[in-house]
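Examining the three-dimensional arrangement
Listed below, chain by chain, are the residues.
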Amino acid sequence: MDKNFYIKKSAQVFDAIVVGSGITGGWAAKELTEKGLKVLMVERGKPVEHRQDYPGEGVQAWKLPFRNAMNYQLVEDQYYIQRQCYAFGDSSKQFFMNDRDYPYSTPEGKPFSWIRGNQLGGKSLLWARQSYRLSDYDFNANLADGHGVDWPIRYKDLEQWYSYVERHAGISGSKENIPVLPDSEFLPPFEFNNVELALKKKIEAKFPDRKMIMGRCAHLTQPAPHHLEQGRLQCQARNECHKGCSFGANFSTQSSTLPAALKTNNLSIATNAIVHSVIYDPKTNRAKGVRIIDSETMETREYFGKMVFLCASTLGTTQIMLNSISERFPTGIANSSGVLGHYLMDHLYGSGAVGRIDGFEDEYYSGRRPTAPYIPNFRNVKEKHPNFFRGYSLSGSASRENWGSFAKKDGFGADFKKQIQNAGSWYFSLHGSGEMLPRYDNQVSLHPTLKDKWGMPQLHIEASFTENDYKMNEDIANTAAEILEAAGAKDIVKHVIRRNEDRPFGLSIHEMGTARMGRDPKTSVLNGNNQTHDVPNLFVTDGACMTSNAWQNPSLTYMAITARACDFAVKQLKLGKI
Amino acid sequence: MPHNNKLAETTGLEAENPRRAALKQMALLFGLSLSAQSLDALAATVKGTMPHVTKFLSPDQLQMTGEIADLIIPTTDTPGALAVNVHGFMDSYLAECVSKNDQKKFLDGLKKINKVAEDKFGKVFLACSHKQHIQLLTAIEKYDLGFTPEDKDFFTQFKSLTLFGYYTSEVGATQELAYLPIPGGYKGNFPFAKVGKAWALN
């Protein structure tokens, strides 16, 4: 492929600058270039070429020096936060940010785990690929219980955009007609195994309000012709997606949106370019472009555009906005409301239950399914739960124990070896993904003095869980155990997250809400089209825009919201309004 | 040294025949009758896999680690931990991938086993017979013979590292278990008998 789309310096005034190249940056670049705009994508990290730059892909454990473990001191010094991520290891470390180089601060007793990608493609190379639509239960949630401001959009505003991005990205799943979880445009779902099918029957018979469906994910179970044309192939069920997928079987910027954007010949990319701030022109009240620091040379440069899309990740975008200071915006660009940086949310993970399923020794499965059965939310749907607001989903699979489980069992020797070879018992787990209320106190700000090695002010993150969260965690574990019991599980063990330290805020990697959408410019940063209330040509379409966090994995919504905002922005640009 | 020294044999310090003989002995112990051909193949696997220079453990500690690992995963119809150099992997792993504190815990754990061996049998672990080895490891799991819950925690860690080293080795993954790097899709209705053993990658 011709690589002349990579630029360093340019005096060109682009039609649009897109900051970030992850899930939303990729979508913004695709949409804007396909509509004929000349676009510059600015990425803080290094280039990653699809297929070429996946050094960990397909490398057998025994060919790695420590079988995917890493040098202790290296991890202690440089990946002390990133190592908490389930996907972090020797084979994938190149896609995680170096914690030593990009520090941030948190108050005592309020840990926050900020998991970050640092390359072209961002976290689209690392995400868990779970893809769910929000419904009007979610868009109405703030208005209904009074927590947070009202969303300026409803399901009908986003419905066609969900369909639009789903067809391109490729989402596997089953049509279910569940009101709280609208159906997507689906490729075939992954299969249940026979144990899960048996449990599903028992669970649904006992709890009419709880349906166990197959987790919906951005994997090509059966590529459509347009996927094949993009060079994307069927998912092989390796479930090693975070090492990179040369089959292009899961959605990433590299597999899906970037090739589409490059095909237009309208895209330029600047990598190793850390955006310092948005350049603001007070005379026109417009964003003029971005100021960047070259991560390799420390030089500063400016890029210019007719509009700016911030897609730099929730906290990345917020950090840039807070650092974009002018006379008009002394606390950060487009922050006349004062809510920029506030209302940070994440999902409640880590609570649930697990139990053994006796029998089924003759049953097994083949392949490593990259998703799991899923029970959509049933709390606070028809009646108010006495202890907490909002809802949660439960997910988990039935699988047989492998060698990893046997270390905790007594025994050794030939019989022990044979037991491992025969695969162990079946276990079924259910873990929650719970919604959090938007709270002003959960916030990020620029540290008054500390800077990173490039001179960017560090982010200070102050976020903690509340009673509503802990009560929901309690209910998640109890309900998971109740469901497992109904399914016939034995020796059920519950896990409940009860303190900030049990599982840090942020580790669900669904941080969102720090530049929220809203109807009122006094209480929100963005309008219903992801346009900042204050600066008409400045858009934010990543997780920062979220007004509430719902209980679903958010990335699919970010994609749909981005595509919709691009459509709006281009129309406005053509009308001369921005 | 007078004790049964399988490891010395695997390091090539002694002639090849004893290695083959030891493997045969091990096989007999578990009621396996290995063909001359498979014994040779096994002996060849063993040969050259032992690190001559240790990174963290002393030669004695490495030898003891190898013995214990092989008691956990012995050679059966497939090679065991010793034959695939799990102790060599454990030595590297302990040198590179764990904290100083965990390194110390590991050495303390080995020391404790030696102490109990001396109290009970009057000799260090490596000098004990196979039967005594089994008695000692069984005692750790039952907090017997003066072993404490902390000693069992050490043994759990040891076992965990042994299983990790063995089942992520080429032999452990592809011979002992079923290795399917590119499954081609997920099948949920799949009888165990069709593969007959656990998948190496879950």
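Below: a short report on this structure.

The rules behind these values
- Residues numbered from 1 in each chain as written.
- Chains lettered and ligands numbered in written order.
- Predicted model: local features only at pLDDT ≥ 70, side-chain atom pairs only at ≥ 80, totals over all residues.
- Heavy atoms only, no water.
- Buried < 20%, exposed > 50% of the residue type's maximum accessible area, 1.4 Å probe, protein only.
- Helix = DSSP H or I, 4+ residues; strand = E, 2+ residues; numbered from the N terminus.
- Pairing = 2+ DSSP bridges.
- Phe/Tyr/Trp six-rings, centres within 6.5 Å; stacked < 30°, edge-to-face > 60°.
- Lys NZ or Arg CZ within 6 Å of the ring centre and 35° of its normal.
- Right-handed = clockwise from strand over helix to strand, strands pointing away.
- Salt bridge = Lys/Arg side-chain N within 4 Å of Asp/Glu carboxyl O.

Points about the pairing of strand β10 (residues 300-305) of chain A
Each regular strand displays side chains that alternate between the two surfaces of the sheet. Residue and element names in this part refer to chain A. Every second residue of β10 is oriented toward a common face, the buried set being R301, Y303 and G305 and the non-buried set T300, E302 and F304. Where strand β1 (residues 13-14) meets β10, 2 bridges bridge the pair, whose relative direction is parallel. Residue pairing for β10: V13 is matched across the bridge by F304. Two elements, strand β9 (residues 286-294) and β10, share 5 bridges in a ladder whose sense is antiparallel. Directly across from G289, in β10, lies its bridge partner F304. Taken together, β9 and the strand that follows it, β10, pair antiparallel across an intervening segment of 5 residues, in which M298 is found at a positive phi of about 70°.

Details of the sheet that holds β10 of chain A
Within the open sheet, the 4 strands sit side by side as β1-β10-β9-β8 (chain A). Their pairing is mixed. If you trace the sheet from one side to the other, it starts and ends with β1 and β8 (273-281) of chain A, each paired once.

With respect to the packing of aromatic side chains
The tally for this structure, following the rule as stated, stands at 40 aromatic pairs over all chains. Residues Y79 of chain A and F88 of chain A carry aromatic rings whose centres are separated by 5.1 Å and whose planes lie at 40° to one another, so their mutual orientation is tilted. Cation over ring: R67 of chain A sits above F89 of chain B, and NZ or CZ is 4.4 Å from the ring centre. Positioned over the ring face of F192 of chain B is R400 of chain A, at 4.8 Å from the centre of the ring.

Looking at the pairing of strand β3 (residues 39-42) of chain A
Residues and elements named next belong to chain A. Along β3, one buried face is formed by V39 and M41 and the opposite face, lined by L40 and V42, is buried too. Two elements, strand β2 (residues 16-19) and β3, share 4 bridges in a ladder whose sense is parallel. The residue bridging I17 from the neighbouring strand is L40, located in β3. Running through helix α1 (residues 23-34), the crossover from β2 to the neighbouring parallel element β3 is right-handed.

Points about the environment of E76 of chain A
Residue and element names in this part refer to chain A. On the secondary structure map, E76 appears in helix α2 (residues 72-78). Take E76: its relative accessible area is 28%, and that puts it in the partly exposed class. As a C-alpha pair, E76 and S399 span 323 residues in sequence and 33 Å in three-dimensional space.

Some thoughts on the pattern of salt bridges
Residue and element names in this part refer to chain A. Applying the stated criterion across every chain, the model contains 46 salt bridges over all chains. Among the salt bridges present, the one from E34 reaches K30, with a minimum N-O distance of 3.0 Å. Of the two residues, E34 and K30 both sit in helix α1, 4 residues apart, roughly one turn of that helix. Residue K110 pairs with E462 through a salt bridge whose shortest N-O separation is 3.3 Å. Taken together, the residues span a long stretch of sequence, with K110 in the loop between α2 and α3 (136-139) and E462 in strand β19 (residues 457-462) at a distance of 352 residues. Taking the relative accessible area as the measure of exposure, K110 reaches 24% and is therefore partly exposed. What makes E462 partly exposed here is its relative accessible area of 28%. A single salt-bridge network, built from bridges that share partners, covers K8, D294, E296, E299 and R301.

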